[in-house]
Amino acid sequence: MTQDELKQAVARAAIEYVVDGEIIGVGTGSTANFFIDELARIKDRIKGTVASSEATAARLRGHGIEVFDLNDVPSIAVYIDGADEINAAGAMIKGGGAALTREKIVASVSKQFVCIADGSKLVEVLGKFALPVEVLPMARNAVMRKLAELGGQPRLRTKPGTDEAFITDNGGELIDVAGLQITDPVALETRINQIVGVVAVGLFAQRGANVCLLGTSEGVKKLTF
Ligand SMILES: O=C(CO)[C@H](O)[C@H](O)COP(=O)(O)O
């Protein structure tokens, strides 16, 4: 099976976690896009969605699925999203698709987090995938110096093919930190959150996944945490 077929399989399997009559939080990225396409088939069963990025909101609306502003929503039954890496405890690195801050906010108000990922995302130790950190632009270099002190190699994310900083949906910039061996994800998340100028770090450990649907050549495996 191709990686896309594995992503499609977990997206389909995630429909089981959609709660009828409720608002569903929807992630960002290629796996989340497959999920949105599956959700479109059963859109009449849900009240609506909250999106974790402008791209996700546009895809949901394109399917005729209602997208609510999070400020108008008291709670979210389930949040369904992909990951760049996930470990055996349900801690994740996210933000390869640049949406980590809104993803973290939507996940934080959701009762359940269902991670959907192809099997290559399951790792023993997080950190091979460079850890994304969203920063306020004026704090970029100050935050990069602090991140270097943690032992990683921080690098500003740029718009493809240019030297210009990539700008997120929130007007922030992204620093990708390579070379980290994240043996204590909760401690590192706490430490990076304390750096002034950081908007959010793409470590989802304090609020990790409750369930991971992992696409493998033997079928969809379910991990619960
Ligand atoms: O965190 C994310 C976006 O900010 C994505 O969930 C992550 O990058 C995985 O993406 P994909 O499903 O395309 O592999």
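All of these numbers come straight from a predicted model, not from anything done at the bench.

Caption draft 1: Seen up close, helix H6 (residues 185-193). For H6, the complete set of buried residues consists of Pro185, Leu188, Glu189 and Ile192. Along the axis of H6, the buried residues cluster in a sector spanning 100°; they form a single face. Buried residues belonging to H6 abut strand E7 (131-135), strand E10 (198-201) and strand E11 (203-204).

Caption draft 2: Spotlight on the nonpolar core. Counting 63 residues, the largest nonpolar core has Val10, Cys115, Ile116 and Val133 as its most contacted members. Two domains share this core, each providing at least three of its residues, namely domain 1 (3-123 + 206-224) and domain 2 (131-201). The residues contacting Val133, other than those within four sequence positions of it, are Val143, Leu147, Leu174, Ile175, Val177, Ile192, Val198, Val201 and Gly202.

Caption draft 3: Structural detail: the domain arrangement of the protein chain. One can read the domain layout of the protein chain as domain 1 (3-123 + 206-224) and domain 2 (131-201). The gap between the C-alpha centroids of domain 1 and domain 2 is 23 Å. In this assembly, 13 residues from domain 1 lie in contact with 14 residues from domain 2. Split into classes, the residues belonging to the side of domain 1 that touches domain 2 amount to five nonpolar, five polar and three charged.

Caption draft 4: Representation of the site of the ligand. The immediate surroundings of the ligand are formed by 18 residues, with Gly29, Thr31, Gly82, Gly96 and Gly97 found nearest. Breaking the shell around the ligand down by element, the ones donating at least two residues are helix H2 (30-41) and helix H4 (100-108). With three residues, H2 is the single largest residue contributor to the shell around the ligand. Taken together, the residues that form the shell around the ligand break down as five nonpolar, nine polar and four charged.

Caption draft 5: Examining the pairing of E7 more closely. Burial analysis of E7 places five of its five residues in the buried class, which makes it a mostly covered element. Across the two faces of E7 the burial is the same, with Leu131, Val133 and Val135 and Pro132 and Glu134 all buried. Relative to strand E9 (residues 173-178), E7 runs antiparallel, the two sharing five bridges. Directly across from Pro132, in E9, lies its bridge partner Asp176. Bridge analysis of E7 against E10 gives three bridges, and the strand direction is antiparallel. Counterpart to Glu134 in the pairing with E10 is Ala200.

Caption draft 6: Local environment of the environment of Asp37. By secondary structure assignment, the location of Asp37 is in helix H2. Among the residues examined, Asp37 registers 14 C-beta atoms within 10 Å and is labelled partly exposed. Along the primary structure Asp37 and Gln8 are separated by 29 residues, whereas in three dimensions their C-alpha atoms are 9.5 Å apart.

Parameters at a glance
Sequence order sets the numbering: in each chain, residues are counted from 1 along the sequence as written. Whole-chain, interface and lining totals are the exception, using all residues; otherwise, since this is a predicted model, local features are given only for residues with pLDDT of at least 70 and side-chain atom pairs are given and counted only at 80 or more. Residues are called buried when their C-beta atom has 20 or more other C-beta atoms within 10 Å, exposed when it has 12 or fewer, and partly exposed otherwise; all C-beta atoms are positioned from the backbone. Only DSSP runs of H or I reaching four residues or more are called helices, and only runs of E reaching two or more are called strands; each is numbered from the N terminus. In this context, the arc is that of the directions from the helix axis out to the C-beta atoms. Contact between two residues is assigned when their C-beta atoms, built from the backbone, lie within 7 Å. Working definition: the nonpolar core is a set of buried Ala, Val, Leu, Ile, Met, Phe, Trp, Tyr and Cys residues, joined through C-beta atoms within 7 Å. Per the annotation, domain bounds derive from an automatic or database assignment of domains. Put simply, Ala, Val, Leu, Ile, Met, Phe, Trp, Tyr, Cys and Pro go in the nonpolar bin, Asp, Glu, Lys and Arg in the charged bin, and everything else, Gly too, in the polar bin. By definition, a residue lies near a molecule or strand provided its backbone-derived C-beta atom is within 6 Å of it. Note: two strands are recorded as paired if DSSP finds a minimum of 2 bridges between them.

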